[in-house]
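In case you want the letters, here they are:
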Amino acid sequence: KILLFIDNVDCKVNLLQDPQEDEDLQAFADCPNINLVLTSRLRTPLRESSFYPVEVRPLSQEQCVDLFYLYCTSIQRNVRNTEFIELLVNRANCHTLAVKLLACGALYEDIALYYREIVKSGFNFCYSTGDEDRNAARELKKLFDLRTRTEEQVSILWNFAVLPQV
């Protein structure tokens, strides 16, 4: 047997497609030697009889703080730093990707100064307009805004941008 993972199964070349209408996906589902694990933002099953939904719950604020410390190893765990990290986690709305990106951005910076930079950028991952993808992308873009980075940080970001091509 083969275990096949397909991430974001509802996205097919920038076109939101119902998994039940995807002929390629149906062909995989019909294959007796393949077990599929699909991730999706849709709750539409591939087939009613073969669908076992597992909802991934968001992390708690405490778990997000732990995640922040996991990725931002340069910041010591203490009451002062944790207070600022909790404020950052609240701005990220406990979204794991946003928390991770915030933590990576805070490396080698004073957490209070970093928090002020984030507030100044207007970053706030809380949204509920029905246009979540566009709002999320707009907010995440603020974390990569080079105007808010030091010269050293900009240099590192540019070097990482060309590194895969070397």
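Residues numbered from 1 in each chain as written. Predicted model: local features only at pLDDT ≥ 70, side-chain atom pairs only at ≥ 80, totals over all residues. Heavy atoms only, no water.

**Let's talk about the packing of helix 2 (residues 61-71) against helix 4 (residues 96-105)**
- The interhelical angle for the contact between helix 2 and helix 4, taken along N-to-C directions, is 40°, at an axis separation of 8 Å. When the interaxial angle is binned, helix 2 and helix 4 end up oblique. When you trace helix 2 past helix 4, the crossing you get is right-handed. On helix 4, the residues touching C64, L67, F68 and Y71 of helix 2 are T96, V99, K100, L102, A103 and C104.
- Within the contact of helix 2 with helix 4, the residues separate by chemical class into eight nonpolar, one polar and one charged. (Axes fitted to C-alpha atoms, helices over the stretch in contact; angles between N-to-C directions. Helix = DSSP H or I, 4+ residues; strand = E, 2+ residues; numbered from the N terminus. Parallel < 35°, antiparallel > 145°, perpendicular 65-115°, else oblique. Left-handed = near helix turned anticlockwise from the far one by under 90°. Contact = heavy atoms within 4.5 Å. Nonpolar A, V, L, I, M, F, W, Y, C, P; charged D, E, K, R; others polar.)

**Focus on the packing of aromatic side chains**
- For the structure on display, the rule yields two aromatic pairs.
- Both rings, one in F84 and one in Y115, keep their centres 5.9 Å apart while their planes meet at 55°; by these two values the pair is tilted. Placement of the pair is F84 in helix 3 (residues 79-91) and Y115 in helix 5 (residues 111-121), with a sequence separation of 31 residues. (Phe/Tyr/Trp six-rings, centres within 6.5 Å; stacked < 30°, edge-to-face > 60°.)

**Overview of the packing of helix 3 against helix 5**
- Here helix 3 crosses helix 5 at 20°, and the two axes come no closer than 9 Å. It follows that helix 3 is roughly parallel to helix 5 by the angle criterion. Handedness of the crossing formed by helix 3 with helix 5: left-handed. On the side of helix 3, the interface is formed by R80, N81, F84, I85, L87, L88 and R91, while helix 5 contributes I111, A112, Y114, Y115, I118 and V119.
- Tallied by class, the residues present in the contact of helix 3 with helix 5 amount to ten nonpolar, one polar and two charged.

**Comments concerning helix 4**
- When helix 4 is considered as a whole, its buried residues turn out to be A98, V99, L102, A103 and G105. Across the axial projection of helix 4, the buried residues extend over an arc of 165°, all falling on one side. (Buried < 20%, exposed > 50% of the residue type's maximum accessible area, 1.4 Å probe, protein only. Arc of directions from axis to C-beta.)

**Here's the deal with the pairing of strand 1 (residues 2-6)**
- Burial analysis of strand 1 places just zero of its five residues in the buried class, a small minority of the element.
- In terms of strand pairing, strand 1 meets strand 4 (residues 34-38) through five bridges, oriented parallel. Directly across from F5, in strand 4, lies its bridge partner V37. (Pairing = 2+ DSSP bridges.)

**With respect to the nonpolar core**
- With 28 residues, the main nonpolar core has F68, L88, L102, I111 and F123 as its most contacted residues.
- Secondary-structure elements contributing two or more residues to this core are helix 2, helix 3, helix 4, helix 5 and helix 6 (132-143).
- The contact partners of F68, leaving out residues within four places of it in the chain, are I75, I85, L88, V99, L102, A103, A106 and I111. (Core = buried A, V, L, I, M, F, W, Y, C linked by side-chain atoms within 4.5 Å.)

**Quick word on the state of the cysteines**
- Here the structure, examined in full by the defined rule, presents zero disulfides.
- In this model C64 remains outside any disulfide bridge; the closest cysteine sulfur is found in C94, 4.0 Å from its own.
- Using a relative accessible area of 0% as the deciding quantity, one classes C64 as buried. (Disulfide = S-S within 2.5 Å.)

**Some points on the side chain of N81**
- Here N81 lies in helix 3.
- Under the relative-accessibility criterion, N81 is labelled buried at 7%.
- A polar atom in the side chain of N81 sits 2.7 Å from the backbone oxygen of Q76.
- Polar contacts involving the side chain of N81 include one to the side chain of R80, which spans 3.0 Å.
- The residues contacting N81, other than those within four sequence positions of it, are Y69, I75, Q76 and I111. (Polar contact = N/O pair within 3.5 Å; in protein donor to acceptor, adjacent residues only side chain to side chain.)

So, to be careful, I would describe these as geometric facts and stop short of saying anything about function.
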